[in-house]
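This is what each chain is made of:
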Amino acid sequence: MSQRISIINVGIDTTSYVDTCDRIAALVQQATSSYIVAANVHVVMTAYWHQDYRQVLENAEIVTPDGMPLVWGLRSLGVKNQQRVYGPDLMLAWCDRAAQENLPIYLFGATDETLNKLEQKLKLRFPDLAIAGKHAPPYFELENPNFELLLAEDIELISKSGAKVVFVALGCPKQEFWMSHAQHRLAAVMIGVGAAFDFHSGQVSQAPRWMMAIGLEWLYRFSQEPRRLWQRYLINNPCFLILFGTQHLRRIFQSPKARGDASRHL
């Protein structure tokens, strides 16, 4: 059974692709307005620095271990068989389920060019997949004075499409804030998938699977976009290692009774 375990100060769910898709299906059936976050080190560290973003993650229905450091962290905290639940792969897993169960999806984010290519590739891979609509918003800043008006327009557009699940690709932390603001106003399950649209449309190449498996995906992405990603990886990654290392050492040196009491409150 899935549980939420704290890594630094962010709760991560001990879930799997099958479990997450089952829970999405249940949420769709109940017409529950909710959102799902695929968390990596960047997400965790953004939450560490910003309390308002941390609250957004706390309100998420599911927070999956998207990055291998979080998978290793959960394993070190006692979840021995934890596997990665990677946003782009979760998107494909749900598209497969949605095609089988005739549950329409919506694509929100990226650019018009990316969305057109993505729609074509998804249709080739999942011929029965119902894509209710797609939209590349020309904005997203919470400070935008027209934000509420633009958000209302987007929600109306998505609602009219009849989509049951909305894939949101605005990047961290924008997509999580957008989903948080849309919750309870949009009767759908929203899933933040980051760069998945770029990957699956063929616009950006993914790291080789062997690099993903040993936690070097960040190095591959950094080599592609060093100017954009240097701060994310060269500051956040070392800080994560220090903070989680401290958490892990504290756990090791806890008394067995205190460790047992802590685990019961996770």
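Just so it is clear, the model here is predicted, and its values are computed rather than measured. (Residues numbered from 1 in each chain as written. Predicted model: local features only at pLDDT ≥ 70, side-chain atom pairs only at ≥ 80, totals over all residues. Heavy atoms only, no water.)

### Describing the sheet that holds strand β5 (residues 105-109)
Link 1 in the chain: Spatially, the 6 strands line up as an open sheet ordered β4-β3-β8-β7-β5-β6, and their pairing is parallel. Every other strand in the sheet has two partners, leaving β4 (62-65) and β6 (131-135) as the edge strands with one partner each. Between one strand and the next, the sheet's axes are offset by a mean angle of 15°, whatever the strand orientation.
Link 2 in the chain: When strand β7 (residues 165-169) meets strand β8 (residues 189-192), the two strands line up parallel, connected through 4 bridges. Among the inter-strand pairings, Val-168 is bridged to a residue of β8, identified as Gly-192. (Pairing = 2+ DSSP bridges. Helix = DSSP H or I, 4+ residues; strand = E, 2+ residues; numbered from the N terminus. Axes fitted to C-alpha atoms, helices over the stretch in contact; angles between N-to-C directions.)

### As for the nonpolar core
Link 1 in the chain: Among the nonpolar cores identified, the biggest contains 41 residues, and Ile-7, Ile-12, Val-166, Trp-178, Met-190 and Phe-240 are the most heavily contacted of them.
Link 2 in the chain: Among the elements that line this core, the one with the most residues is helix α2 (residues 41-49), at 5 residues.
Link 3 in the chain: Beyond its immediate stretch of four places on either side in the chain, Ile-12 contacts Gln-3, Arg-4, Ile-5, Ile-7, Ala-39, Val-44, Val-63, Thr-64, Pro-65, Leu-70 and Leu-74.
Link 4 in the chain: The next biggest cluster of nonpolar side chains, apart from the first, holds 32 residues, and it includes Leu-27, Ile-105, Ile-191 and Val-193. (Core = buried A, V, L, I, M, F, W, Y, C linked by side-chain atoms within 4.5 Å. Buried < 20%, exposed > 50% of the residue type's maximum accessible area, 1.4 Å probe, protein only. Contact = heavy atoms within 4.5 Å.)

### Comments concerning the packing of aromatic side chains
Link 1 in the chain: For the structure on display, the rule yields 4 aromatic pairs.
Link 2 in the chain: With a centroid separation of 4.9 Å and an interplanar angle of 75°, the aromatic rings of Tyr-48 and Trp-49 are classed as edge-to-face.
Link 3 in the chain: By relative accessible area, which is 32% here, Tyr-48 ends up partly exposed.
Link 4 in the chain: For Trp-49, a relative accessible area of 45% translates into the label partly exposed.
Link 5 in the chain: Plain terms: the ring middles of Tyr-53 and Phe-177 are 5.6 Å apart, the flat faces sit at 55° to each other, and that makes the pair tilted. Residue Tyr-53 is found in helix α3 (residues 51-58), and its partner Phe-177 is found in helix α8 (residues 174-182); the two are separated by 124 residues along the sequence. Side by side, Tyr-53 and Phe-177 carry an identical accessibility label, which is buried.
Link 6 in the chain: Lying over the aromatic face of Tyr-86, Arg-84 brings its terminal NZ or CZ to 4.0 Å of the ring centre. (Phe/Tyr/Trp six-rings, centres within 6.5 Å; stacked < 30°, edge-to-face > 60°. Lys NZ or Arg CZ within 6 Å of the ring centre and 35° of its normal.)

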